[in-house]
Amino acid sequence: MQDEMIIELFCERSEHAISELSAKYGRMAQSICSNILKNSSDAEECVNDSLFTMWNLIPPNKPMSLRAYFINVARNKALDRYRYNSTPKRNSYYDIALDELEECLNSPASPVSEVEEGELSDAINKFLGSIKKEDRVMFVSRYFLSESTVAIAQKMNLKESAVRLRLHRTRNRLRKFLEKENLI
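Residues numbered from 1 in each chain as written. Predicted model: local features only at pLDDT ≥ 70, side-chain atom pairs only at ≥ 80, totals over all residues. Heavy atoms only, no water.

**Notes on the state of the cysteines**
Taken as a whole and judged by the stated rule, the model has zero disulfides. Considering cysteine sulfurs only, Cys 46 is the nearest to Cys 33, which forms no disulfide, with 5.1 Å between them. Overall, Cys 33 belongs to the buried group, its relative accessible area being 0%. (Disulfide = S-S within 2.5 Å. Buried < 20%, exposed > 50% of the residue type's maximum accessible area, 1.4 Å probe, protein only.)

Dropping the structure here:
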């Protein structure tokens, strides 16, 4: 079923919208939530919570991209659950990925306090648009989809050490780009 039709089902308040959304994008959301949480039951619960949230968000919202909207809701639910599950803990799997990325955002004052989140997000998107597609796919896979370097290496038919090196170089280029843009 087309995304526009699913959105119309939500607007009509048809419960069929939830099953169609789940059938179309549920596995992708489950995969992303599992990458973040490393727990299939928590991931499944986040996907179910995301479906309920979509029911409450559409209408009044009519997303331009149903897939992106739903995946973002599911990812945020997984991140909220991750924070809840790991509050007293540190150095878990997802913390490692965040620590890697923090290297290029690290500054005496938080970037978010210096500029609005939207400006930082726009700058990162601009940077990602300026790099090679393969590097962009690795970066998004690691830091947005929370995939392991092993999984990225398998997907891209590279050695894990090559993926780690390219991610390291991409983070360094991002840091230099953000410094040049006076965002850190």
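**Here's the deal with the packing of aromatic side chains**
A full pass over the atoms with the stated rule returns three aromatic pairs. For the pair Phe 10 and Trp 55, a centre-to-centre distance of 6.2 Å together with 55° between the ring planes defines the contact as tilted. One end of the pair, Phe 10, is in helix H1 (residues 3–11); the other, Trp 55, is in helix H3 (residues 40–57), with 45 residues separating them in the sequence. Judged by its relative accessible area of 0%, Phe 10 falls in the buried class. According to the relative accessible area criterion, Trp 55 is buried, its value standing at 16%. (Phe/Tyr/Trp six-rings, centres within 6.5 Å; stacked < 30°, edge-to-face > 60°. Helix = DSSP H or I, 4+ residues; strand = E, 2+ residues; numbered from the N terminus.)

**Details of the pattern of salt bridges**
Side chains carrying opposite charge are able to pair once their charged atoms draw close together. In the structure shown here, the tally under the stated rule is eleven salt bridges. Residue Lys 126 pairs with Glu 181 through a salt bridge whose shortest N-O separation is 3.9 Å. Here the residue Lys 126 occupies a position in helix H7 (residues 117–130), and Glu 181 occupies one in the segment after helix H10 (160–180), the gap between them amounting to 55 residues. Among the residues examined, Lys 126 registers a relative accessible area of 51% and is labelled exposed. Ionic pairing is found between Glu 160 and Arg 164, a salt bridge with its closest N-O pair at 3.6 Å. Residue Glu 160 and its partner Arg 164 are located together in helix H10, separated by four residues, close to a single helical turn. Its relative accessible area of 31% is what places Glu 160 among the partly exposed residues. Judged by its relative accessible area of 46%, Arg 164 is partly exposed. Shared partners join several salt bridges into a network, and the residues in it are Glu 134, Asp 135, Arg 166 and Arg 173. (Salt bridge = Lys/Arg side-chain N within 4 Å of Asp/Glu carboxyl O.)

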